[in-house]
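Each chain, written out:
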Number of protein chains: 2
Amino acid sequence: MKNIDQTNKKKFMRRAIQLSKEKMLSNKGGPFGAVIVQDEEIISEGFNQVTSLNDPTAHAEIIAIRNACRKLNSYHLIGTEIYCSCEPCPMCLSTIYWAHIEKVYYANSSKDAQHIGFDDKHIFNELTKDKSQREIPIIQILPEEGKAVFNAWIEKLDKTLY
Amino acid sequence: MKNIDQTNKKKFMRRAIQLSKEKMLSNKGGPFGAVIVQDEEIISEGFNQVTSLNDPTAHAEIIAIRNACRKLNSYHLIGTEIYCSCEPCPMCLSTIYWAHIEKVYYANSSKDAQHIGFDDKHIFNELTKDKSQREIPIIQILPEEGKAVFNAWIEKLDKTLY
């Protein structure tokens, strides 16, 4: 991954911010945009569409990541950077890790988002709690039957790891 | 939400486990399945398709959530429960919170998943770290330009909150 110069960084972030504004004003969803950059070029874009698509996963970052993966024909985005108009929520940040994106730039902070009604701090807090203390109960059942499938995975010879 | 009796709980989890096995054996992805239940009926299903769709977000839970939202025409899943053949990763757990699912059942634990090569513990750890300590660098730029869009959101009269 080349080192992206400061002028380009601003250009990429301004595109993410522009998406956050335009798409919010046209009622696609909340004010959030993102672009993914490889070799100093934008390879994909995304903007929040939670309310217009009825999809709680349709955050700007998730859309941009899915678009980039489609373009690169890969479930990994090694060698890319993501520019987000707002600091990623725990869902998006986890996805950034699964996708192996290498650097994250953001404009608005999570605290800024909280001030306008998007509270992901609550989710961060829940994730760090012991399972027994979480607000949404999480209960284990049939562990032996689940385990049998994991054993079948271990024994499978033609599996694709990720 | 009705209280789901023990027999049904086992039935729903067995379906999630069945999906995890069948779809893994047919090379759709990792050994993970999930179903979403409302009023003692399965309203959606999902299975891991990360490697077959080239989509790092295509975990069983995310697919099941997106399918359920499409079916109910809503970005919230209040009044539903999710049955996952494995404890949700941080991406999926965050999505469960965004979707307002009310209860989570799982068979295999995160530790079981780690033993077969799916390490989400690492992502949980990264999320709890201070930003400056994370493996993937996360850097703020152009906060003022981002903030201007958040102010526009506050002033927007016809917005849909979520």
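Just so it is clear, the structure is predicted and the values come from calculations on it, not from any experiment.

**A look at the interface of chain B and chain A**
In step 1: Taken together, the contact pairs 88 residues of chain B with 86 residues of chain A.
In step 2: The contact between chain B and chain A buries some 8100 Å² in all, and 69% of this surface belongs to carbon and sulfur atoms.
In step 3: At the boundary of chain B and chain A, one finds six salt bridges.
In step 4: Across the salt bridge formed by Glu 87 of chain B and Lys 131 of chain A, the nearest N and O atoms sit 2.9 Å from each other.
In step 5: Counting across the interface, chain B meets chain A through 28 residue pairs in polar contact (both at pLDDT 80 or more).

**A few points about the relation of the copies chain B and chain A**
In step 1: If you rotate chain B by 180 degrees and push it 0.0 Å along the axis, it lands on chain A with an RMSD of 0.0 Å. Seen this way, the second copy is the image of the first under a two-fold rotation axis. Identified as the residue of chain B closest to the rotation axis by C-alpha distance is Met 91 of chain B, at 2.2 Å.
In step 2: Of the interface residues in chain B, 98% have counterparts in chain A that sit at the interface too, so the contact is made through matching surfaces.

**A short note on the packing of helix H1 (residues 6-25) of chain A against helix H7 (residues 143-155) of chain B**
In step 1: In the contact formed by H1 of chain A and H7 of chain B, the axes pass within 10 Å of each other and the chain directions differ by 5 degrees. Relative to H7 of chain B, H1 of chain A is oriented roughly parallel. Counted together, Arg 14, Ile 17, Ser 20, Lys 21 and Met 24 of chain A of H1 of chain A and Glu 145, Gly 146, Val 149, Ala 152 and Trp 153 of chain B of H7 of chain B form the full contact between these two elements.
In step 2: Tallied by class, residues from the contact of H1 of chain A with H7 of chain B come to five nonpolar, two polar and three charged.

**Some points on the sheet that holds strand S1 (residues 33-38) of chain A**
Note on sheets: strands pair through backbone hydrogen bonds, and any given pair is parallel or antiparallel.
In step 1: Strand order in the open sheet formed by five strands is S2(A)-S1(A)-S3(A)-S4(A)-S5(B), and the pairing between neighbours is mixed. Strands with a single pairing partner mark the edges of an open sheet, and in this sheet they are strand S2 (41-47) of chain A together with strand S5 (138-140) of chain B. With strand direction ignored, the average angle separating the axes of adjacent strands in the sheet is 20 degrees.
In step 2: Bridging between S1 of chain A and strand S3 (residues 81-86) of chain A involves four bridges; their strand directions are antiparallel. Across the sheet, Ala 34 of chain A pairs through a bridge with Cys 84 of chain A, a residue of S3 of chain A.
In step 3: Packing of helix H3 (residues 60-72) of chain A onto the sheet brings it into contact with S1, S2 and S3 of chain A, and relative to S2 of chain A it is tilted by some 135 degrees.
In step 4: Strands S3 and strand S4 (103-108) of chain A together with S5 of chain B of the sheet are contacted by H7 of chain B, whose axis makes an angle of about 55 degrees with S4 of chain A.

Scoring rules and cut-offs
Residues numbered from 1 in each chain as written. Chains lettered and ligands numbered in written order. Predicted model: local features only at pLDDT ≥ 70, side-chain atom pairs only at ≥ 80, totals over all residues. Heavy atoms only, no water. Contact = heavy atoms within 4.5 Å. Buried area = accessible area lost by both parts, 1.4 Å probe. Salt bridge = Lys/Arg side-chain N within 4 Å of Asp/Glu carboxyl O. Polar contact = N/O pair within 3.5 Å; in protein donor to acceptor, adjacent residues only side chain to side chain. Least-squares fit on C-alpha atoms with pLDDT ≥ 70 in both. Axes fitted to C-alpha atoms, helices over the stretch in contact; angles between N-to-C directions. Helix = DSSP H or I, 4+ residues; strand = E, 2+ residues; numbered from the N terminus. Parallel < 35°, antiparallel > 145°, perpendicular 65-115°, else oblique. Nonpolar A, V, L, I, M, F, W, Y, C, P; charged D, E, K, R; others polar. Pairing = 2+ DSSP bridges.

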